[in-house]
Amino acid sequence: MKRALFITLNEVRLYLQDKGDLAFGLLLPVLTFALMYGAFGGETMFKATANIVNEDSGVYSQQLIEKLDSIDGISIDVMTAADADIKLERSDILLALFIPADFSETLSSGGKAELVFKQRGNGGLEGQILAGIIRSIAGEIDQEFQALHRVEGNLEGNDIPQSDIELTVRSLLEEERQQPSLGVAEEVVGGSTEFINQYLPGIITMYVLFALSLSAQAIVEERRRGTLERLLTTRLSAGELFFGKFISITARGFIQTLILLILSYAVFRLFTPVSFLACLVISFVFAAAAAALGMIIAAISRTEEAANWIAVVVTMFMVMMGNTFFQVGEDSVLATIGKFSLNTYANKAYTTIIAQEGALGDVWLQLVILAGVAVAGLFISRMIFRAVPGSK
Amino acid sequence: MKHLTHIWFIALKDLKIFAKDRASVFFFIVFPFMFIVLFTFLLQGTGGEDNRVELHMATREASGGLSQQIIGAIVTPDESLLKPGDPVIIWDKDYEASRQAVIDGELEGLLAFPADFTQSVMTGEKTKLEIFSDAGATYARAALNSIAGAISSQISTDKVVIDASISLLVGSGAIPADSESIDRATQQLLNAAMSGAAPGGSDSFLTYKIVNVGDVEAGNASDFVIPGYLVMFVFFAAAVSAQRIVWERQNHTLERLLASSVKRESILGGIYTGTFIRGLIQIIIFWVVGILVFNVDLGLSPPAVIILSVLMVIMSAAFALMLATLARTMRSAASLAVLTSLLLAPLGGCWWPSFLYPEWLQNIAKITPHAWATSGFNKLMLFGADFGDALPSMLALLVFALIFGIIAAWRFRTSAT
């Protein structure tokens, strides 16, 4: 056992000295999470493209388009009527605004102008909101005509010059635009905290599993080059060699998770001391299960390339099925397939502790399954593990 | 001619090695389709929903307030009477319960009138509508903001009409300038505005016509999934092949080739051609299976999709060579290949659409060839873009290929020492 621990210490030392491995195991999860956090965490902005057919050459259609374009998150795609019709026909777009040729002229002459929404069904969720925003912007143009008309109605028979009416109305409208009588105060809940709770465990387990399963490649390389065989000429037994490798992979995974959890704590203040310790227990059991998996891959692979491919395939399968990027419905086929993924249990355990403020007792089932995989994996890999190619 | 023969033989040798390596064939040909099937299955029917936007409104005012009248006027009594695209407006009578529902995640958002709404409107004091929503409920927030904007705009119009009318009437001497007369006139105008019986009417000068051209049809998830995984795995396969180039350099295969009168340029060209042909085979399989099995729609300009795919292969092959020149050991080549492939794929929009990213992240993503390729594919295959719209993406991939290729040609070593 002592010799096995020496192997472990040596491997851990090498791991901490290998900048490439450290970058893979630590930098990549941090970058991936930062990427996802930037993309989907916190408050997200409504984004849409307004498809507009502008057949009017007047000032009001231009004003409408400019105002719409100035709204954050909304981009404008001005197209011809024929293009819009083709795209609507092909369902490439679900809603297009048609501004008719006489739009500005009609408004200027005091008439009622028409805006046309060509759409499929309700226009899709995005289209409905976009249509609401377009109506709201168009409403601002309408506001001036409406106000003028109503003031003229109120002042009928009082012989007040039209220029005075227009000047007063425009000046008051401008004041209202600067400081509206009825403003809007927005308050949001959730967001970044929910996002962190949902995705952080998944990202951590994904890269720990990646690193540990890929470590099988190094064992295969050592076997192929005869390093393991040379070690057997010392007083080290095959069993000690095997357990030394297993413990070293587990230790690597544990250290990797520990650093990532400490970073998460430093940045997001996710844990209490008790929940942090609980997460460490989960990390240790998960690292052991992943290490056992890595040992099986090392045992069955003949070449480094084969070990590499098997590790990537297995990890990607477990990541995709393990509630890492999307939540799988509980009674679905995917949920059943997901039961074969280590990440499902590890992610569930972490989420229970971090997000639901659970205790280790609440995740005993996940811990037992992961520990069971570790023991079974260790047993299977020991049975088929060969330190020397072709040996018994 | 002799050099071309050398290039061809080296390329052919690489292709033979690839074809015999069942693990590689599985990983780069079969494995991507496992993802494609999974995500096509998961995203099936996405975009086919055409539910109306549902907006919840509440008021903190006591009954009889102006806000109750406003909500009463716009609330949806019967959904079947709505025109296409009209939102369903629900009046939540219990403000606190609705707020709690938002906190609990049962409701996406809520628009509420303040307790002093009527008082503020009557006295001309400023007040605010409250939007309380979940941070992630992007659509609900946008919809609530747009309806809040419309209500605010109407209140502003009423205020401008009253203020302008009073100001001009006082100025012309039509009503005395004492506060009692002004208050009386203001109250009359306000009542008329609220009852909709104002002289001149409160009708809008804009009308909206809705032309329905058909139902919303579910998009084919493969139209997004296949290009994303094509970009990821073409690049991944090429990047990983750098490992073999390093291996051949380490075991002196490349040096032996040089000794047998094969020029350095021929070796470089041969490796590049082999990686390029393998990438071509990948994209042919992707698109043929995509069209025949997944019914992928190449959009209005299929040639642009093909050119973009080929440019992706050209760029990826150049990247593989560059990676092989930069990596000293097989292990670092493998790590760099996996690292770059797995980082650039999500950043470049291969796993989820990059057009969902915030502006700053989209700008960062532009340093990756993946982002240019996926945005080109998305434009062509999802949004009906034509050839011209995809030109910037094609040009960007070409520039990436040139940069990688120049670095590779300049730094390529046949010897490990």
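Treat the numbers as computed from the prediction; the structure is a model and nothing was measured.

## With respect to the overall build of chain B
The secondary structure content of chain B amounts to 15 helices and five strands. A buried classification covers 47% of the 417 residues belonging to chain B. A sequence separation of at least 24 residues applies to 75% of the contacts in chain B between residues at least 6 apart.

## Here's the deal with the sheet that holds strand β5 (residues 206–214) of chain B
If you trace the five strands from one edge of the open sheet to the other, you get β2(A)-β1(A)-β3(A)-β4(A)-β5(B), paired in mixed fashion. Unpaired on one side and paired on the other, β2 (74–78) of chain A together with β5 of chain B mark the two borders of the sheet. Across this sheet, the average inter-strand angle for adjacent strands is 25°, counted without regard to direction. Direction of pairing for strand β3 (residues 95–99) of chain A relative to strand β4 (residues 113–120) of chain A: antiparallel, over a ladder of four bridges.

## Brief notes about helix α4 (residues 81–89) of chain A
Those residues of α4(A) not exposed but buried are Ala84(A), Lys87(A) and Leu88(A). The arc enclosing the buried residues of α4(A), seen along the axis, measures out at 100°, which places them on a common side. Here the buried face of α4(A) lies against β1 (48–54), β3 and β4 of chain A together with β5 of chain B. Phi turns positive one or two residues past the end of α4(A), at Ser91(A), with a value near 65°.

## A short note on the sheet that holds strand β2 (residues 88–91) of chain B
Strand order in the open sheet formed by five strands is β5(A)-β4(B)-β3(B)-β1(B)-β2(B), with mixed pairing between adjacent strands. The open sheet has two free edges, formed respectively by β5 (182–189) of chain A together with β2 of chain B, since each of these has just one partner strand. Between one strand axis and the next, the sheet turns by 25° as a mean value, whatever way the strands run. The sheet strands contacting helix α4 (residues 95–103) of chain B are β5 of chain A together with β1 (54–59), β3 (109–113) and β4 (127–134) of chain B, and the helix crosses β3(B) at an angle near 150°.

## Some details on the nonpolar core
Ranked by size, the top nonpolar core spans 156 residues in total, and within it Ile282(A), Ala242(B), Leu321(B) and Leu323(B) carry the most contacts. If sequence neighbours within four positions are ignored, Leu321(B) has contacts with Leu268(B), Ile271(B), Tyr272(B), Ala408(B) and Phe412(B). Ranked by size, the runner-up nonpolar core spans 60 residues in total, among them Phe46(A), Ala58(B), Ala142(B) and Val216(B).

## So, the packing of helix α8 (residues 222–250) of chain B against helix α14 (residues 369–382) of chain B
Residue and element names in this part refer to chain B. For the pair α8 and α14, interaxial distance at closest approach is 10 Å and the crossing angle is 155°. Accordingly, the angle class assigned to the pair α8 and α14 is roughly antiparallel. Regarding α8 and α14, the two cross each other, and that crossing is right-handed. Here Asp223, Phe224, Pro227, Gly228, Val231 and Phe235 of α8 come into contact with α14, specifically with His370, Ala373, Thr374, Phe377, Asn378, Met381 and Leu382. Looking at the contact of α8 with α14 residue by residue, the class counts come to eight nonpolar, four polar and one charged.

## A word on the interface of chain A and chain B
The interface of chain A with chain B comprises 88 residues on the first partner and 88 residues on the second. When residues of the side of chain A that touches chain B are traced back to their parent elements, those giving at least two are α2 (19–40), α4, β4, α6 (124–154), α7 (162–178), β5 and α12 (304–321) of chain A. Residue contributions to the side of chain A that touches chain B peak at 23 residues, all from α6(A). Classifying every residue of the side of chain A that touches chain B by side-chain character gives 41 nonpolar, 27 polar and 20 charged. As judged from the eight bridges shared by β4(A) and β5(B), these two strands associate in the parallel manner. Bridge pairing links Val116(A) to Lys209(B) in β5(B).

## Some details on the confidence of the model for chain A
In this model, chain A carries an average pLDDT of 84, and 93% of its residues clear a pLDDT of 70 or more. Here α2(A) stands out as the least confident element of chain A, with mean pLDDT 70; β3(A) is the most confident, with 94.

## Details of α6(A)
For α6(A), with 31 residues, the first-to-last C-alpha span of 42 Å sits near the 45 Å given by 1.5 Å per residue. A bend of about 35° at Ile141(A) is the largest found in α6(A).

## Things to note about the environment of Glu248(B)
Residue and element names in this part refer to chain B. Here Glu248 lies in helix α8. With 20 C-beta atoms counted inside 10 Å, the residue Glu248 sits in the buried group. Along the chain, Glu248 and Met330 lie 82 residues apart, while their C-alpha atoms are 9.7 Å from each other. Apart from residues no more than four positions distant in its own chain, Glu248 is found in contact with Thr253 and Leu254.

Rules used in this analysis
Residues numbered from 1 in each chain as written. Chains lettered and ligands numbered in written order. Predicted model: local features only at pLDDT ≥ 70, side-chain atom pairs only at ≥ 80, totals over all residues. Helix = DSSP H or I, 4+ residues; strand = E, 2+ residues; numbered from the N terminus. Buried ≥ 20, exposed ≤ 12 C-beta atoms within 10 Å, placed from the backbone. Contact = placed C-beta atoms within 7 Å. Pairing = 2+ DSSP bridges. Axes fitted to C-alpha atoms, helices over the stretch in contact; angles between N-to-C directions. Arc of directions from axis to C-beta. Core = buried A, V, L, I, M, F, W, Y, C linked by C-beta atoms within 7 Å. Parallel < 35°, antiparallel > 145°, perpendicular 65-115°, else oblique. Left-handed = near helix turned anticlockwise from the far one by under 90°. Nonpolar A, V, L, I, M, F, W, Y, C, P; charged D, E, K, R; others polar. pLDDT = per-residue confidence, 0-100. Expected span 1.5 Å × (residues − 1). Bend = angle between axes of the 7 residues up to and from the residue.

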